[in-house]
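Okay, here's what each chain looks like letter by letter:
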Amino acid sequence: MAGADPALAHRVVRALDYAATRRGSPEGLPDRVLQLLREREADVEDTRLDWRGEIFRLLLALDRGDVLEATLRAWVEEAPEDVLWRTALAQILAASDRLADAARAMQAAAAIATLAPAEYESLAAWYLVLGDDVARRAAQRARFDAMSENELASLLYQAQSQTRRRRQSRHA
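The following paragraphs examine the structure supplied in this document. Owing to the predicted nature of the structure, the values given are computational and were not obtained by experimental measurement. (Residues numbered from 1 in each chain as written. Predicted model: local features only at pLDDT ≥ 70, side-chain atom pairs only at ≥ 80, totals over all residues. Heavy atoms only, no water.)

**Some remarks on unusual backbone geometry**
Positive phi is not limited to glycine here, since D63 has a value of about 60°. Its place among the elements puts D63 in the loop between α3 (51-61) and α4 (65-78). Among the residues examined, D63 registers a relative accessible area of 68% and is labelled exposed. (Helix = DSSP H or I, 4+ residues; strand = E, 2+ residues; numbered from the N terminus. Buried < 20%, exposed > 50% of the residue type's maximum accessible area, 1.4 Å probe, protein only.)

In C-alpha cells, the structure reads:
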C-alpha cells in the first residue's frame, strides 16, 4: 500500500477486512491483517487513513473484546484529551456488563468536551440500571443541553404526537 492514494488504500483495507472476517478465512489471516494495520498506525508519515479507526473496526468485527479494550485503554493513556477513544471504551465496557466502569469512562470524556446527545442518553441509561437517579437526571439534562433547537423541537413533536395518539385510541 506504500504510495497508494487514500481512496485506493481505503479499498485495499476494506478488502483485507472482508477477507479476515469472513467464515473460513485462512488461519492466521486476521492476525496478519491486524499486524499490517498496526504497522501503518506506527508509521507517523502515513496519513492516508485513520489507522486507529481501521484497527478499531477490525477488532470489533473479529469480536476480540479483550484486545479491543486493551487497545482503547492504551490509546486513551497515550492521548488523554481524545474523547473519541474514551467514549468507545465506555461503550465496550458497557457491552461487557461493566456499567459502573463504563459510566466513569463516559464521565471522564464529558469532563473533557461536550458529548453527543446519544452518548449522554447512553450514560443516563447506565445510571438508570445502576440505580443512581441523581446522576441519571444530570445525564438527561446534559443530553438536552447538547441537543440543537431542531432536535429539541423534533423530540417535543414526537412526544406530542404520541400523546395525541394515546388520547385518540382511548376515545375510539
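Having seen the structure, we can now continue with the description.
**A short note on the nonpolar core**
Counting residues in hydrophobic clusters, the biggest one holds 40 residues, and the most contacted among them are L37, F56, L58, L72, W85, L123 and W126. When residues of this core are traced back to their parent elements, those giving at least two are α1 (6-21), α2 (29-42), α3, α4, α5 (83-95), α6 (99-112), α7 (117-130) and α8 (133-146). (Core = buried A, V, L, I, M, F, W, Y, C linked by side-chain atoms within 4.5 Å.)

**Description of α3**
Within α3, 8 of the 11 residues are buried, which leaves it mostly tucked inside the rest of the structure. Taken together, the buried positions of α3 are occupied by W51, R52, G53, E54, I55, F56, L58 and L59. Close packing links the buried residues of α3 with α1, α2, α4 and α5. Immediately downstream of α3, the backbone of D63 shows phi near 60°, a positive value. (Contact = heavy atoms within 4.5 Å.)

**Things to note about the environment of V67**
For V67, the position within the fold is in helix α4. Put simply, V67 and D46 are 21 residues apart on the chain and 24 Å apart in space, counted from C-alpha to C-alpha. Non-local contacts of V67, meaning those with residues more than four positions away in its chain, are made with R38 and L59.

**Remarks on the packing of aromatic side chains**
We describe a pair of aromatic rings using the distance from one ring centre to the other and the angle between the two ring planes. Evaluation of the coordinates by the stated rule reveals 2 aromatic pairs. Taking the centre distance of 5.7 Å and the plane angle of 50° together, the rings of F56 and W85 count as tilted. Of this pair, F56 sits in helix α3 while W85 sits in helix α5; the two residues are 29 residues apart in sequence, bridging distant segments of the chain. Residue F56 is classed as buried on the basis of its relative accessible area, which comes to 18%. Among the aromatic residues, those joined into a cluster by ring pairs are F56, W75 and W85. (Phe/Tyr/Trp six-rings, centres within 6.5 Å; stacked < 30°, edge-to-face > 60°.)

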